[in-house]
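# A structural walkthrough
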Amino acid sequence: DSRAPRARNFGPHELVVACVADDLGTPAWEVRAWLKDVPKRGAQKMLSACKNDVDRWGVPLFAVLDRDKPPCPMPANACTADIVAAVRAEYSLDEDVKLRLLVENTETVVEAAAVALGRAVPPKDRPARDSVLTHAARADRRVRSEVREKVPSFDRLVTRLVDVVR
């Protein structure tokens, strides 16, 4: 079960927490108490959990999806608004579920983080991805700023989360 406790940190969430902490001028441990991650293996499982768990959480949920692989059939040239609308309709998602698309995907963020850290871009596997993103989260703010600059969709996600927790 994807809800089982994890032995290590979830790299994408660690980077988001660090970036939100940067913007708020707050320690990451404090932000971590406000932002919880519930990673799922696959967009369909994540969206189903959002639909089923939105009332249990009682707070806005953010579902972060890779733009290049929408969880429902879409034309290749579909705009972000059309993808969000289609996903919301397909999964009957409540307005409390905020959908955010990473352009193009998580690997775009991993690549930007690796470059900012002066590392080689890792192979596409979860442990390598988590390692790079966790290192970027623990690095100095310059690294995270560079990632945000290179991946505007990630920057917009962080900005929106800052607005919600403020």
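Further up the page is the structure itself.
Scope of this entry: the structure provided in the associated data block. In this text the structure is predicted, and so the values were computed from the model without any measurement.

### Digging into the overall build of the protein chain
For the protein chain, the helix and strand inventory stands at 8 helices and 2 strands. Reading the helices (α) and strands (β) of the protein chain from amino to carboxyl end gives α-α-α-β-α-β-α-α-α-α. Against the compact-globule benchmark of 15 Å for 166 residues, the protein chain has a radius of gyration of 15 Å, which places it among compact chains. Across its three principal directions, the C-alpha atoms of the protein chain cover 40 × 35 × 30 Å. Burial analysis of the protein chain (166 residues in total) assigns 42% to the buried set. Summed over its atoms, the accessible surface of the protein chain is roughly 9,100 Å², and 51% of this surface lies on carbon and sulfur atoms.

### Concerning the environment of D140
In this structure, D140 sits in the loop between α6 (126-138) and α7 (141-150). Between the C-alpha atom of D140 and that of T26, which follows or precedes it by 114 residues, the distance is 14 Å. Among the polar contacts listed, one links the side chain of D140 to the backbone nitrogen of R142, at a separation of 3.0 Å.

### Some points on unusual backbone geometry
Cis peptide bonds are those with omega within 30 degrees of zero, and the linkage from V103 to E104 qualifies with -10°. Along the chain, the position of E104 falls in the loop between β2 (97-102) and α5 (106-117). With a phi close to 50°, S92 is a non-glycine residue in the positive phi region. Its location among the elements puts S92 in the loop between α4 (80-90) and β2. For S92, a relative accessible area of 49% translates into the label partly exposed.

### Brief notes about the pattern of salt bridges
Overall, the coordinates contain 10 salt bridges when judged by the stated rule. Across the pair E95 and R88 runs a salt bridge, and its minimum N-O distance is 3.9 Å. Given a relative accessible area of 55%, E95 falls into the exposed group. Its salt-bridge partner being D140, residue R142 comes within 3.8 Å of it at the nearest N-O pair. For D140, a relative accessible area of 45% translates into the label partly exposed. One network of salt bridges, with partners in common, ties together D23, R141, R148 and D155.

### With respect to the environment of V121
When you line up the elements, V121 lands in the loop between α5 and α6. Residues V121 and V54 lie 67 residues apart in sequence; the distance between their C-alpha atoms is 36 Å. Excluding residues within four positions of it along the chain, V121 makes contact with E111 and A114.

### Some points on the side chain of T106
Structurally, the position occupied by T106 is in helix α5. Using a relative accessible area of 16% as the deciding quantity, one classes T106 as buried. Those residues within four positions of T106 in sequence are excluded, and the remaining contacts are D66 and R129.

### Focus on the pairing of β2
Direction of pairing for strand β1 (residues 61-66) relative to β2: parallel, over a ladder of 6 bridges. Of the residues in β2, the one forming a bridge with L61 is V97. In this fold, β1 hands off to α4, which returns the chain to β2; that crossover is right-handed.

### Thoughts on the packing of helix α1 (residues 11-24) against helix α8 (residues 152-165)
It is at 9 Å that the axes of α1 and α8 come closest, and there the two elements cross at 60°. Comparing their axes, α8 and α1 come out oblique. Crossing of α1 against α8: the hand is right-handed. Judged by residue contacts, L15, V16, C19, V20, D23 and L24 of α1 engage F154, L157, V158, L161, V162 and V165 from α8. Among the residues making up the contact of α1 with α8, the classes are represented as 11 nonpolar, no polar and 1 charged.

About the thresholds
Residues numbered from 1 in each chain as written. Predicted model: local features only at pLDDT ≥ 70, side-chain atom pairs only at ≥ 80, totals over all residues. Heavy atoms only, no water. Helix = DSSP H or I, 4+ residues; strand = E, 2+ residues; numbered from the N terminus. Rg over C-alpha atoms; globule rule 2.2 N^0.38 Å. Buried < 20%, exposed > 50% of the residue type's maximum accessible area, 1.4 Å probe, protein only. Areas by Shrake-Rupley, 256 points an atom, 1.4 Å probe, with all protein chains shown as cover. Polar contact = N/O pair within 3.5 Å; in protein donor to acceptor, adjacent residues only side chain to side chain. Salt bridge = Lys/Arg side-chain N within 4 Å of Asp/Glu carboxyl O. Contact = heavy atoms within 4.5 Å. Pairing = 2+ DSSP bridges. Right-handed = clockwise from strand over helix to strand, strands pointing away. Axes fitted to C-alpha atoms, helices over the stretch in contact; angles between N-to-C directions. Parallel < 35°, antiparallel > 145°, perpendicular 65-115°, else oblique. Left-handed = near helix turned anticlockwise from the far one by under 90°. Nonpolar A, V, L, I, M, F, W, Y, C, P; charged D, E, K, R; others polar.

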